Amino acid sequence: MALRKELLKSIWYAFTALDVEKSGKVSKSQLKVLSHNLYTVLHIPHDPVALEEHFRDDDDGPVSSQGYMPYLNKYILDKVEEGAFVKEHFDELCWTLTAKKNYRTGSNGNSMLSNQDAFRLWCLFNFLSEDKYPLIMVPDEVEYLLKKVLSSMSLEVSLAELEELLAQEAQAAQTTGGLSVWQFLELFNSGRCLRGVGRDTLSMAIHEVYQELIQDVLKQGYLWKRGHLRRNWAERWFQLQPSCLCYFGSEECKEKRGTIPLDGQCCVQVLPDREGKRCMFCVKTASRTYEMSASDTRQRQEWTAAIQMAIRLQAEGKTSLHKDLKQKRREQREQRERRRAAKEEELLRLQQLQEEKERKLQELELLQEAQRQAERLLQEEEARRRTPAASLPWAPLTCSAPLQARASMQAEMELKEEEAARQRQRIEELEDMQQRLQEALQLEVKARRDEEAVRLAQTRLLEEEEEKLKRLMRMKEDQERYIEQAQQEKQELQQEMALQSRSLQLAQQQLEEVRQNRQRADEDVEAAKRKLRQASTNVRHWNVQMNRLMHPIEPGDKRPTTSSSFTGFQPPLLARRDSSLKRLTRWGSQGSRTTSPSTSEQQKSLNGGDEAPISASGPQEDKLDPEPEN
């Protein structure tokens, strides 16, 4: 039913645009073309038979709106399925038809609205207008829409200025019920309510309000989203609607990356900061958890509140937030109208009762005056009656007439008294009713005052709650800032500890290398000591050999004869000793290259200060120059 009403508003504009003569009738050929276009944009299968049958050429004359409505309801609106067509394309068709005839931009080319902005304002007007034809927007809705657009541009306007502006528009249009769409567009084109803002700023504000009210975009903006498979973070443009949360590659919304369905089972939860991301939250659905990160704490608070609102709308079975708000505002206006009508009716009734009371009082005064005259006549009659009959010569003739007059007067007096009693009772009833009405009026006034006091108290409480909420938000931001500082200090400490740990590991490695070098040095020292001990042993051995060789030859010593080819030749003993000394000197010089200086010193000390080094190859000398046997 709601969709049918919205479609009928746009079709009404298209029909009136085709009504050139403003007679409420359109030619059949134009209606035929209009119906064909409606079939196309609403994605309804064409029914050419019904179309030709309804608009056949044998019937002369145009078709009125009442004659077109049965066909429109039966063959078009009854077949429309919500979601099967793009409503924006349908609105563009009807806007194109009506704008050619009715919409006029500024003559000097200084219009504040482009054609696209005018189309969006026309759609907003249709959404907020009353369901009565011709379509008008009541001042409350005009004020609501103007505040929406101005708040999108960060402008504020007072209620007095809006009322004055709307009163001027209504006076210029000579209407009191509201504004038509063309007066509404002229209000924006004139720039009287825009306070000198630019066209681009106005266009962005209109587009934002159009998305919010017509496309049901509760919130939109950039967020960081974590991937499901690769688990990496990417920045996406999000659009929140009551049924889903869509995200795109950029704010142009051309490349849709995914959709998060929302229902009553979903929930939103705030997450702690981790992995270098701050202001995190997640949306949990039945199948998956979506992690996101906002730019700051305020954005996270706004996003979580908006998503919770969308989930609540889905749980309550509502498809649009602003449709529900529009219906509530309409009900409030109807309640105000009913209260105002009841108050006017009560005042009118009280006025009528007051007039009736005054009339009854006048009648009562007339009756009292008549009663006083009757009493005066009765007293005169009584006085004449008391006069002696003898003094009146004509008394016997006129005795019966006063008696009859008196009887008739008494009867009349009784009737007058009864009528006066009834009038007094009626006056008492009226006074009682007036008193009750006054009490009821006083109670109503008191109730109004109490209601106003309660409303003021509620406003004050709301302001206090809002102030408390702001303080809490500031405290929360301070707390989160302190937490972030603590986390940064913690990270710095962890980095410092990691650096110290790496330094300690490096120092341990260097210490281990020093230990290994020391161990190798100790091994080298031990090897040198072993060599020194071996050299010392060899030195002692060769000292003994040298002592033997240096022993003086005494006469009579016998030497073994050596085998030689020359039996008669005996080499002198001194020559053999000299050759043995040369070999020992050569061996000593070779051994000095392999021994340490300390070893040489020891050899010198053992040789008794002899400068000639002694080799450690003692066993070889024994083989070359054996000791002569005694």
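Along each chain, the written sequence defines residue order, and numbers are assigned to residues from 1. Whole-chain, interface and lining totals are the exception, using all residues; otherwise, since this is a predicted model, local features are given only for residues with pLDDT of at least 70 and side-chain atom pairs are given and counted only at 80 or more. As a rule here, side-chain values cover all heavy atoms of the structure and leave hydrogens and water aside.

*Asks:* Let's hear about the overall build of the chain: which residues, and what values?
*Replies:* Secondary structure elements follow DSSP: runs of H or I no shorter than four residues count as helices, runs of E no shorter than two count as strands, and numbering proceeds from the N terminus. A count of helical and extended segments in the chain gives 17 helices and nine strands. Relative to its 630 residues, the chain shows a buried fraction of 30%. The contact rule is simple, with two residues in contact once any of their heavy atoms fall within 4.5 Å. Considering only intrachain contacts with a sequence separation of at least 6, the fraction spanning at least 24 residues in the chain is 66%. Residue burial is assigned from relative accessible area. The probe radius is 1.4 Å, only protein chains are included, and a residue is buried under 20% of its type maximum, exposed over 50%, and partly exposed in between.

*Asks:* Account for a positive patch on the surface, naming residues and giving values.
*Replies:* Together, Lys-529, Arg-530, Lys-531 and Arg-533 make up a positively charged patch on the protein surface. Here Arg-530 is to be found in helix α14 (residues 400–549). Patch membership needs two things, relative accessible area over 30% and no salt bridge, and members are linked within 9 Å if like-charged or within 5 Å if nonpolar (Val, Leu, Ile, Met, Phe, Trp, Tyr). Where accessible areas are quoted, they stem from the Shrake-Rupley method and a 1.4 Å probe; at the residue level, only the protein chains shown are allowed to cover. Just to be clear on terms, a salt bridge is a Lys or Arg side-chain nitrogen sitting within 4 Å of an Asp or Glu carboxyl oxygen. Under this rule, positive means Lys or Arg and negative means Asp or Glu; His and the chain ends count for nothing. Taken as the charge location is NZ of Lys, CZ of Arg, CG of Asp or CD of Glu.

*Asks:* Lay out the packing of aromatic side chains with the relevant residues and their values.
*Replies:* The rule is short: rings of Phe, Tyr and Trp, with Trp giving its six-membered ring, pair when the centres are within 6.5 Å, and they are stacked under 30 degrees, edge-to-face over 60, tilted in between. Counted by the stated rule, this structure contains 15 aromatic pairs. Ring plane angle 50° and centroid distance 5.5 Å describe the contact between Trp-12 and Tyr-133, whose orientation is recorded as tilted. With Trp-12 in helix α1 (residues 2–18) and Tyr-133 in the loop between α6 (115–128) and α7 (139–152), this pair connects stretches of sequence that are 121 residues apart. We classify Trp-12 as partly exposed; its relative accessible area is 26%. On the accessibility criterion, Tyr-133 (42% relative accessible area) is partly exposed. Where Tyr-13 meets Trp-182, the ring centres are 6.3 Å apart and the plane angle is 85°; that geometry is what we call edge-to-face. Here Trp-182 lies in helix α9 (residues 181–190) and Tyr-13 lies in helix α1, a separation of 169 residues in the sequence. Of the residues examined, Trp-182 reaches a relative accessible area of 23% and is grouped as partly exposed. Directly above the ring of Tyr-210 sits Arg-120, whose terminal nitrogen or CZ lies 5.8 Å from the centroid. A ring is considered to have a charge above it if a Lys NZ or an Arg CZ atom is located within 6 Å of its centre and within 35 degrees of its normal.

*Asks:* Got a sec to walk through a negative patch on the surface? Specific residues and values, please.
*Replies:* On the surface, Glu-375, Glu-414, Glu-417 and Glu-418 cluster together into a patch of negative charge. Per element, the largest residue contribution to the negative patch is three residues, and it comes from α14. Counting through the fold element by element, Glu-418 comes out in helix α14.

*Asks:* Hey, could you go over the pairing of strand β5 (residues 244–248) for me, with residue numbers and the actual values?
*Replies:* Counting buried positions along β5 yields five of five residues, so the element is predominantly enclosed. The alternating pattern of β5 places Cys-244, Cys-246 and Phe-248 on one face and Leu-245 and Tyr-247 on the opposite face, and all of these are buried. Pairing between strands is defined by DSSP: at least two bridges between the two strands are required. Note that strand β4 (residues 233–240) and β5 share four bridges and pair antiparallel. Bridged to Trp-237 within β5 is Phe-248. The antiparallel hairpin formed by β4 and β5 contains three residues in its connecting segment. Inspection of the sheet shows β5 paired to strand β6 (residues 256–261) by five bridges, in the antiparallel sense. Its bridge partner being in β6, Tyr-247 is matched across the sheet by Gly-258.

*Asks:* Would you mind going over the sheet that holds β5 in detail, with residue names and values included?
*Replies:* Adjacent strands of a sheet form backbone hydrogen bonds with each other and so pair up, either parallel or antiparallel. One open sheet holds the seven strands; their spatial order is β6-β5-β4-β3-β9-β8-β7, and the pairing between them is antiparallel. Among the strands making up the open sheet, the edge pair consists of β6 and β7 (267–271). Direction aside, neighbouring strands of the sheet carry axes that sit 35° apart on average. Bridging between strand β3 (residues 219–226) and β4 involves eight bridges; their strand directions are antiparallel. Each residue of the ladder has a partner; that of Trp-224, found in β4, is Glu-235. Axis lines are fitted through C-alpha atoms, for helices just across the contact stretch, and the angle between N-to-C directions can take any value from 0 to 180 degrees.

*Asks:* Which residues make up the packing of α1 against α6, and what are the values?
*Replies:* Any two packed helices are characterised by the angle at which their axes cross and by the distance between the axes. Here α1 crosses α6 at 120°, and the two axes come no closer than 9 Å. It follows that α1 is oblique to α6 by the angle criterion. As α1 runs across α6, the sense of the crossing is right-handed. Together, Lys-9, Ser-10 and Tyr-13 of α1 and Trp-122, Phe-125, Asn-126 and Phe-127 of α6 make up the contact between the two elements. Note that Gly is not counted as nonpolar here; it falls among the polar residues with everything else outside the nonpolar set of Ala, Val, Leu, Ile, Met, Phe, Trp, Tyr, Cys and Pro and the charged set of Asp, Glu, Lys and Arg. Considered class by class, the residues forming the contact of α1 with α6 number four nonpolar, two polar and one charged. Roughly parallel here means an angle under 35 degrees, roughly antiparallel means over 145, roughly perpendicular means 65 to 115, and every remaining angle is called oblique. Here is the rule for handedness: rotate from the far helix to the near one, and if that takes an anticlockwise turn smaller than a right angle the crossing is left-handed, while a clockwise turn gives right-handed.

*Asks:* Give a description of α1 that names residues and reports values.
*Replies:* Given 3.6 residues per turn, any residue in an α-helix points the same way as the ones three and four places further on. Compared with an ideal rise of 1.5 Å per residue, which puts 17 residues at 24 Å, α1 spans 25 Å between its outermost C-alpha atoms and is within 8% of the ideal. Every buried residue of α1 is accounted for by Glu-6, Leu-7, Leu-8, Lys-9, Ser-10, Ile-11, Tyr-13, Ala-14, Phe-15, Ala-17 and Leu-18. An expected span of 1.5 Å times one less than the residue number is assigned to each helix.

*Asks:* So what's going on with the side chain of Thr-297? Residues and values would help.
*Replies:* Considering the arrangement of structural elements, one finds Thr-297 in helix α11 (residues 297–315). With relative accessibility at 9%, the residue Thr-297 sits in the buried group.

*Asks:* Account for the packing of α7 against α9, with residues named and values stated.
*Replies:* At their nearest, the axes of α7 and α9 sit 13 Å apart, and the two run at 35° to each other. Taken as a pair, α7 and α9 cross one another with a handedness that is right-handed. In contact with Val-142, Leu-145, Leu-146 and Val-149 of α7, α9 contributes Phe-184, Leu-187 and Phe-188. Residue composition of the contact of α7 with α9, by class: seven nonpolar, no polar and no charged.

*Asks:* Break down helix α2 (residues 28–41) for me, with residues and values.
*Replies:* Counted at 1.5 Å a residue, the expected span for α2 with its 14 residues is 20 Å, and the 20 Å between its end C-alpha atoms agrees. Three or more residues of α2 are buried, namely Lys-28, Leu-31, Leu-34, Ser-35, Leu-38, Tyr-39 and Val-41. Directly after α2, the chain includes His-43, whose backbone phi takes a positive value near 55°.

*Asks:* Mind laying out the pattern of salt bridges, listing which residues take part and the relevant values?
*Replies:* When their charged atoms lie close together, side chains carrying opposite charge are able to pair. Under the defined criterion, the tally for this structure stands at 26 salt bridges. Note that Lys-148 and Glu-212 form a salt bridge whose closest N and O atoms lie 2.7 Å from each other. In this pair, Lys-148 sits in helix α7 while Glu-212 sits in helix α10 (residues 199–213), placing the two residues 64 residues apart along the sequence. Given a relative accessible area of 18%, Lys-148 falls into the buried group. A cluster of three or more residues bridged by salt bridges with shared partners is formed by Lys-5, Lys-9, Glu-130, Asp-131, Glu-141, Arg-329, Arg-330 and Arg-333.

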